[in-house]
Amino acid sequence: QVPLVESGGGLVQAGGSLRLSCAASGRTFSNNAMGWFRQAPGKEREFVGSISYNGSNKLYADSVKGRFTISRDNVKNTVYLQMNSLEPDDTAVYYCAGGLRPYAGGVVQDYRYWGQGTQVTVSS
């Protein structure tokens, strides 16, 4: 499988910002959509956002619209998640995911490869 490695998580105060990165290896990174998911303690993994193969189409969960921004750099084989105005409810392990097709939505079945996750903790 194509390895995905997340970084950039940490502990921040409410209202602060973090930028997550996901570095990928493999020949087909630029051919497929990428997504971000998160999982909080006691909850199922939930969709955060996705970006199409060329970055032209983006989808966001209602809970993060206006606060989070997804981008990608196909030259560097990297996808980013800029998180602003963070809230305690954003606390979770964040996972990068590689899509099965050029476009992907908000269900885990749209994705094939998963990173190990990076912890984001937002204090009140």
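Report on the accompanying structure.

Cut-off values and rules
Residues numbered from 1 in each chain as written. Predicted model: local features only at pLDDT ≥ 70, side-chain atom pairs only at ≥ 80, totals over all residues. Heavy atoms only, no water. Helix = DSSP H or I, 4+ residues; strand = E, 2+ residues; numbered from the N terminus. Buried < 20%, exposed > 50% of the residue type's maximum accessible area, 1.4 Å probe, protein only. Contact = heavy atoms within 4.5 Å. Pairing = 2+ DSSP bridges. Axes fitted to C-alpha atoms, helices over the stretch in contact; angles between N-to-C directions.

Some remarks on the environment of E87
Mapped onto the elements of the fold, E87 is located in the loop between β8 (78-83) and β9 (92-99). Residue classification places E87 among the partly exposed positions, given a relative accessible area of 37%. Separated by 81 residues in the primary sequence, E87 and E6 have C-alpha atoms spaced 21 Å apart. Apart from the residues within four sequence positions on either side, E87 is in contact with R67 and V122.

Observations regarding the sheet that holds β8
Read from one edge to the other, the open sheet built from four strands follows the order β1-β3-β8-β7, with strand pairing classed as antiparallel. Of all strands in the sheet, those with a lone pairing partner are β1 (4-7) and β7 (68-73), marking the two edges. Each neighbouring strand pair of the sheet contributes to a mean axis angle of 15°, computed without reference to strand direction. Summarising the sheet, strand β3 (residues 18-24) and β8 pair through six bridges and their orientation is antiparallel. In the strand pairing of β8, L18 is matched with M83.

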